[in-house]
Amino acid sequence: MFTPAAKAMAEKLGLKMGRANLDEFAAALQELAKANPNIIAVTSDSRGSGKLAPFGQALPKQLVEVGIAEQNLVGITAGLAACGKKSFGVSPACFLTARSLEQIKNDVCYSDVPATLVGISAGVSYGALGSTHHSLHDLATLRAINNLTIIVPADNFETREAIRAAAKAVHPFFIRFGKAATYDLHRPETKFAVGQAITLRDGKDFAFIGTGETVVHCLLAAAQLAERGLNGRVLSLHTVKPLDAETILKAGRECKAIITVEEHSVHGGLGEACAAALLQAGVSVPFRIVGIPDEDTVTGTQADIFRHYGISMEGLATLATKLMSPIRPM
Amino acid sequence: MSKITDHELELKSVRLRKKTLEAIFEAGAGHTGGGLSCMDILNVLYNRILRVSPETISDPNRDRYVQSKGHSVEALYAVLADRGFFPESELKSICRYQSPFVGHPTRHIPGIEMNTGALGHGLPIGVGMAIAGKMNNAPYRVFTLLGDGELAEGSNWEAAMAAAHYDLDNLTAIIDHNTLQISGHTHDVMSNEPLDEKWRAFGWAVKTVNGHDFTELTDALSKPAAAGKPTCIIANTVKGRGVSFMENTAKWHHGVPSEAELKQALSELDAAEAKLKEVAR
């Protein structure tokens, strides 16, 4: 995922490699479920890929297996939630949010039950398995559905906090993340609040607004640019909906350029959400959306795909430099 | 629940069929044929089977009813109004601008458990509710009403498999088997027979009843058909039941009566009501 230069920069910043957000999720859910017998995990032959085998062994009565049947997974998750359970439907994001979109819309969001849907191995986590297994559409489709909080955590801390918030919520949540180990990005004193972006680095020359596992690349790029005298802002916009428009507009007004970064199609995700917020507030600023372009996604690991589309320290630093130069790219 | 006789139920069904037709006429929209076909099932459920009332609608141990064939909501609204969940006068607001009474069930309406309308959703939800009941050792039962055309939705069969896998004898699926759907006969659109063998093969206990016979419906719905198995009740019904020109006619799936047709339908139902009252004397 990281070039030697990026790794060196991470080291310079004092970043420690954590575990996969997937592992953090499984541990956090098990801990919560141990204390609250009403918490139920629902899986579609996904307890292995969801790292929930230990959960199933420790709390067998709190795990419902539905087999390879994602529509049923979401319907059952909704039915459990309607009858007093705090249910978490866990399935690969690609299947969960495409095949069961209507169940998410009607059974969960429209019916307003306190269910959480967890999209595992999201974005391009499955890498070379190909586009059938990528979820590059989920933020776009789910953002258009009323009554759903959407969280894309950047690291273990954000993942843990998102799961805790979902466990307390009385309305629907969708949380998605990948399965590769991530750097820990936050200081111990950092506070997490649903709907509030976290500022990882301050500056006014440019702003990276990232979500999920792209945020670390934003941070590394900003650090590299700082060595060249450009001081940029890095925001971890973990909550894609409701959008923290205030922080986005502040960045738009204070910074000379904005680059949004997401592990999602460039259509309908974080970037377009930010663009809409800025334009409708009359804030005009050089702006680029970095994500997966509208094409047959290149074959490769998640790291290959990220690098190919410029989601890397090097790629983002280059783009920011170009965007701030007097002759703009593209 | 107070005892209600078959005769009283029959009279109620006729009266509520009239209310359903009037509501659809007022709204200028609705699903007529299926509402009339499931009216007797709904009346048996809400007057004899379901342990739920306006007073107990928040009781965690109440029985759950999820109407998977959400399009027959006008009949459900009429039955819920009759049971006192909201005033009958509300039926006039169905589908009106800003009315909470939408053309498919929503939880905004007292007595409605889940928002349904897209087909193939009620049974998976019912499975989740029944699993929650088993987990809590709760005494409630879960009922869901499906259309027979709706059975073409694959999600039903995912849920059918899961219900048997989890031995959900607290779950009952009722098929409103009127054999017609929007484009014609189910056997022409997408054959689903033999229904009883299909459900049995999926591990369910199956009963076939006359869906307009109050005694048969009551017997079948009163208790699970077998311990450790979900119950499927195939209720043979007549689409458009009670109105001669609507019966067994696919076009009345979502046909809205004209003023003259409403008058004619109501007069037929009035005559049926008078005849029933005559018998009682």
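Residues numbered from 1 in each chain as written. Chains lettered and ligands numbered in written order. Predicted model: local features only at pLDDT ≥ 70, side-chain atom pairs only at ≥ 80, totals over all residues.

Asks: Go over the overall build of chain A with me, naming the residues and quoting the values.
Replies: Counting secondary structure elements, chain A contains 13 helices and 14 strands. Here chain A has a C-alpha radius of gyration of 19 Å; the compact-globule value for 330 residues is 20 Å, and the two agree. Counting only C-alpha atoms and orienting by the principal axes, one finds that chain A spans roughly 60 × 40 × 40 Å. Across the 330 residues that make up chain A, the buried fraction comes to 58%. (Helix = DSSP H or I, 4+ residues; strand = E, 2+ residues; numbered from the N terminus. Rg over C-alpha atoms; globule rule 2.2 N^0.38 Å. Buried ≥ 20, exposed ≤ 12 C-beta atoms within 10 Å, placed from the backbone.)

Asks: Before we move on, could you go through the packing of helix α1 (residues 6-27) of chain B against helix α9 (residues 259-280) of chain B and cite the residues and values that matter?
Replies: Residues and elements named next belong to chain B. It is at 10 Å that the axes of α1 and α9 come closest, and there the two elements cross at 165 degrees. Comparing their axes, α9 and α1 come out roughly antiparallel. Seen from above, α1 lies across α9 with left-handed handedness. Residues His-7, Glu-10, Leu-11, Val-14, Arg-15, Arg-17, Lys-18, Leu-21 and Phe-25 of α1 pack against Leu-262, Ala-265, Leu-266, Leu-269, Ala-272, Glu-273, Leu-276 and Ala-280 of α9. Among the residues making up the contact of α1 with α9, the classes are represented as eleven nonpolar, one polar and five charged. (Axes fitted to C-alpha atoms, helices over the stretch in contact; angles between N-to-C directions. Parallel < 35°, antiparallel > 145°, perpendicular 65-115°, else oblique. Left-handed = near helix turned anticlockwise from the far one by under 90°. Contact = placed C-beta atoms within 7 Å. Nonpolar A, V, L, I, M, F, W, Y, C, P; charged D, E, K, R; others polar.)

Asks: Residues and numbers for helix α8 (residues 156-168) of chain A, please.
Replies: Residue and element names in this part refer to chain A. Across its 13 residues, α8 extends 19 Å between first and last C-alpha, which sits within 8% of the 18 Å expected from 1.5 Å per residue. Counting buried residues along α8, ten of its 13 residues qualify, which places the element largely inside the surrounding structure. Along α8, the positions that sit buried rather than exposed are Asn-156, Phe-157, Glu-158, Thr-159, Arg-160, Glu-161, Ala-162, Ile-163, Ala-166 and Ala-167. (Expected span 1.5 Å × (residues − 1).)

Asks: Report on the sheet that holds strand β2 (residues 142-147) of chain B, specifying residues and quantitative values.
Replies: All names here are of chain B. Read across the open sheet, the five strands follow the order β1-β2-β3-β7-β6; overall the sheet is parallel. Where the open sheet ends on each side, the last strands, each with one partner, are β1 (64-67) and β6 (205-210). In this sheet, adjacent strand axes meet at a mean angle of 20 degrees when their direction is disregarded. As paired strands, β6 and strand β7 (residues 231-236) are joined by six bridges and run parallel to one another. Among the inter-strand pairings, Ala-205 is bridged to a residue of β7, identified as Thr-231. Across the sheet, helix α8 (residues 214-222) lies against β3 (171-177), β6 and β7, angled at about 165 degrees from β6, the strand it touches most. (Pairing = 2+ DSSP bridges.)

Asks: Run through the sheet that holds strand β5 (residues 116-120) of chain A, naming residues and quoting values.
Replies: Residue and element names in this part refer to chain A. The seven strands lie next to each other as β3-β2-β4-β5-β7-β6-β12, forming an open sheet whose pairing is mixed. Single-partner strands in this sheet number two, and they are β3 (63-65) and β12 (239-241). Ignoring which end each strand starts from, the neighbouring axes of this sheet average 20 degrees apart. Sheet topology places strand β4 (residues 86-92) next to β5; five bridges connect them, and they run parallel. Note on β5: the bridge partner recorded for Ser-91 is Gly-119.

Asks: An account of helix α2 (residues 21-35) of chain A is requested, with residue identities and associated values reported.
Replies: Taking 1.5 Å of rise per residue, 15 residues should cover 21 Å, and α2(A) covers 21 Å from first to last C-alpha, within 8% of that figure. Turning to α2(A), its buried residues are Asn21(A), Leu22(A), Glu24(A), Phe25(A), Ala26(A), Ala28(A), Leu29(A), Gln30(A) and Ala33(A).

Asks: Any chance you could break down the interface of chain A and chain B for me, citing the residues and the numbers?
Replies: With 23 residues of chain A at the contact, the number on the chain B side is 21 residues. Among the elements of the structure, α4 (70-82) and α6 (101-110) of chain A are those that each provide at least two residues to the side of chain A that touches chain B. With nine residues, the top contributor of residues to the side of chain A that touches chain B is α4(A). Residue classes in the side of chain A that touches chain B are distributed as nine nonpolar, nine polar and five charged.

Asks: Outline the environment of Ile109(B), supporting the account with residue identities and numerical values.
Replies: All names here are of chain B. Here Ile-109 lies in the loop between α3 (73-82) and α4 (122-135). Taking the C-beta count within 10 Å as the criterion, Ile-109 has 19 such neighbours and is therefore assigned partly exposed. The sequence separation of Ile-109 and Lys-18 amounts to 91 residues, and the corresponding C-alpha distance is 21 Å. Each residue touching Ile-109, except ones within four places of it in the same chain, is listed here: Phe-86, Pro-100 and Phe-101.

Asks: Tell me about the packing of helix α9 (residues 215-226) of chain A against helix α13 (residues 313-324) of chain A, and please be specific about residues and values.
Replies: Any two packed helices are characterised by how steeply their axes cross, that is the angle between the axes, and by the distance between the axes. All names here are of chain A. Across the interface, α9 lies against α13 with an axial gap of 8 Å and an inter-helix angle of 55 degrees. On the basis of the axis angle, α9 is oblique to α13. Here α9 and α13 pass one another in a crossing that is right-handed. Facing α9, whose interface residues are His-217, Cys-218, Leu-220, Ala-221, Gln-224 and Leu-225, α13 presents Met-313, Leu-316, Ala-317 and Ala-320. The class makeup of the residues in the contact of α9 with α13 is eight nonpolar, two polar and no charged.

Asks: Tell me about the environment of Glu268(B), and please be specific about residues and values.
Replies: Residue and element names in this part refer to chain B. Inspection of the secondary structure assignment puts Glu-268 in helix α9. Classification of Glu-268 by C-beta neighbours within 10 Å gives partly exposed; the count is 18. Once the C-alpha coordinates of Glu-268 and Asp-59 are considered, the two residues, 209 residues apart in sequence, prove to be 40 Å apart. Setting aside chain neighbours within four positions, we find Glu-268 in contact with Val-243 and Ser-244.

Asks: Account for the environment of His267(A), naming residues and giving values.
Replies: Residues and elements named next belong to chain A. Position of His-267 relative to the elements: it lies in the loop between β13 (258-265) and α11 (270-280). Taking the C-alpha atoms as reference points, His-267 and Leu-139, 128 residues apart in sequence, are found 9.3 Å from one another. Not counting residues up to four positions away in its chain, the partners in contact with His-267 are Ala-140, Glu-272 and Asp-294.

Asks: Tell me about the confidence of the model for chain B, residues and numbers included.
Replies: Mean pLDDT over chain B stands at 96; residues scoring 70 or higher make up 99%. Predicted complex, confidence summary: ipTM 0.96, pTM 0.96. (pLDDT = per-residue confidence, 0-100.)

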